[in-house]
Amino acid sequence: MKPTHIEHIGIAVRDLGASIHYYENVLGLKCYAIEEVEDQMVKTAFFQVGQTKIELLEATSPESPVAKFIEKRGEGMHHIAFAVPDVSEALSVVEQKGVALIDKQPRKGAEGLDIAFLHPKSTGGVLTEFCQKPSGK
Ligand code: CMX
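Nothing here was measured: the structure is a model prediction, and the numbers come from that model.

Each value, and the rule that gives it
Residues numbered from 1 in each chain as written. Predicted model: local features only at pLDDT ≥ 70, side-chain atom pairs only at ≥ 80, totals over all residues. Heavy atoms only, no water. Pairing = 2+ DSSP bridges. Helix = DSSP H or I, 4+ residues; strand = E, 2+ residues; numbered from the N terminus. Near = heavy atom within 4 Å. Polar contact = N/O pair within 3.5 Å; in protein donor to acceptor, adjacent residues only side chain to side chain. Areas by Shrake-Rupley, 256 points an atom, 1.4 Å probe, with all protein chains shown as cover. Buried < 20%, exposed > 50% of the residue type's maximum accessible area, 1.4 Å probe, protein only. Arc of directions from axis to C-beta. Contact = heavy atoms within 4.5 Å.

This part is about the sheet that holds strand β1 (residues 5-13). Taken together, eight strands build an open sheet; the order of strands is β2-β3-β4-β1-β5-β8-β7-β6 and the sheet is mixed. If you trace the sheet from one side to the other, it starts and ends with β2 (31-37) and β6 (107-108), each paired once. As paired strands, β6 and strand β7 (residues 114-118) are joined by two bridges and run antiparallel to one another. Within β7, the position partnered with Arg 107 by the bridge is Ile 115.

Here is the structure:
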């Protein structure tokens with residue numbers, strides 16, 4: 001169950017274009033993918049930094065979790081995603097330790113990863129994601 005590394009850090013932004021400009025032209029990173037995740041109502045942009053990615057998140061609907069987050073808290077760090085060997089097993093381990101799950105089982109996220117979220121109310125205020133490359137990839 002133990003996380004192997006931080007797979008990505010999710011950052012909520014109002015304007016994907018303006019934020020990409022900052023990461024590319026100020027930090028000198030390269031945006032290697034832009035992807036819409038329809039069921040999460042977000043458009044994402046990815047940057048690789050060593051073993052970890054930055055995932056920028058722009059809401060595509062006022063109902064998006066990211067739109068609600070920005071309305072309440074403004075732009076900024078939205079979630080941290082740990083790579084784990086097996087998301088289902090990791091969910092079961094943390095649930096047994098009293099953590100509230102947002103996703104009871106893995107579902108598909110950006111980049112085809114199997115993902116699941118833990119509720120920030122039981123993780124010290126940090127929206128936490130587990131993710132795993134689907135087997136065979
Ligand atoms: N980090 C930390 N706390 C957060 C949070 C976040 N990203 N989003 C919401 N919260 C807090 C709220 O501020 C609220 O705190 P208070 O009660 O102190 O005000 C609390 O969590 C619960 O909020 P809520 O009103 O009950 O629930 P929301 O409707 O705001 O939903 C959450 C919160 C986390 C359950 C919802 O955003 C969710 O299901 N997130 C997982 C999915 C997701 O975030 N998808 C977008 C990214 C997808 C991707 O990466 O591809």
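The structure having been displayed, the exposition proceeds.
Further remarks concern the site of the ligand. Gln 40, Lys 72, His 78, Lys 121 and Gly 125 are the nearest of the 16 residues found near the ligand. Residue Glu 55 places a side-chain N or O atom 3.2 Å away from an oxygen atom belonging to the ligand. Lys 121 places a polar side-chain atom, nitrogen or oxygen, 3.0 Å from an oxygen atom of the ligand. In the complex, 73% of the free accessible area of the ligand, which totals 960 Å², lies under the protein chains. Of all the secondary structure elements, the ones that give two or more residues to the shell around the ligand are β4 (52-59), α2 (65-73) and β5 (76-83). By residue number, the principal contributor to the shell around the ligand is α2, which donates four residues.

Another aspect to go through is helix α3 (residues 87-96). Here α3 has its buried residues at Val 87, Ala 90, Leu 91 and Val 94. Take α3 and look down its axis: the buried residues cluster within an arc of 100°, on one side only. Contacts from the buried residues of α3 go to β7 and β8 (128-132). The opening residue of α3, the one whose side-chain oxygen lies 3.1 Å from the backbone nitrogen of Ser 88, is Asp 86.

Turning our eyes to something else, we now look at the pairing of β8. Burial runs high along β8: five of the five residues are buried. The side-chain alternation of β8 yields two buried faces, one formed by Thr 128, Phe 130 and Gln 132 and the other by Glu 129 and Cys 131. As paired strands, β5 and β8 are joined by four bridges and run parallel to one another. Residue pairing for β8: Ala 83 is matched across the bridge by Cys 131.

Next up on the list: the pairing of β1. Relative to β5, β1 is paired through seven bridges, and the arrangement is antiparallel. Residue pairing for β5: Ala 12 is matched across the bridge by Gly 76. As judged from the six bridges shared by β1 and β4, these two strands associate in the parallel manner. Among the inter-strand pairings, Ala 12 is bridged to a residue of β4, identified as Leu 57.

Bear in mind that shape data such as this cannot, by itself, settle questions of function.
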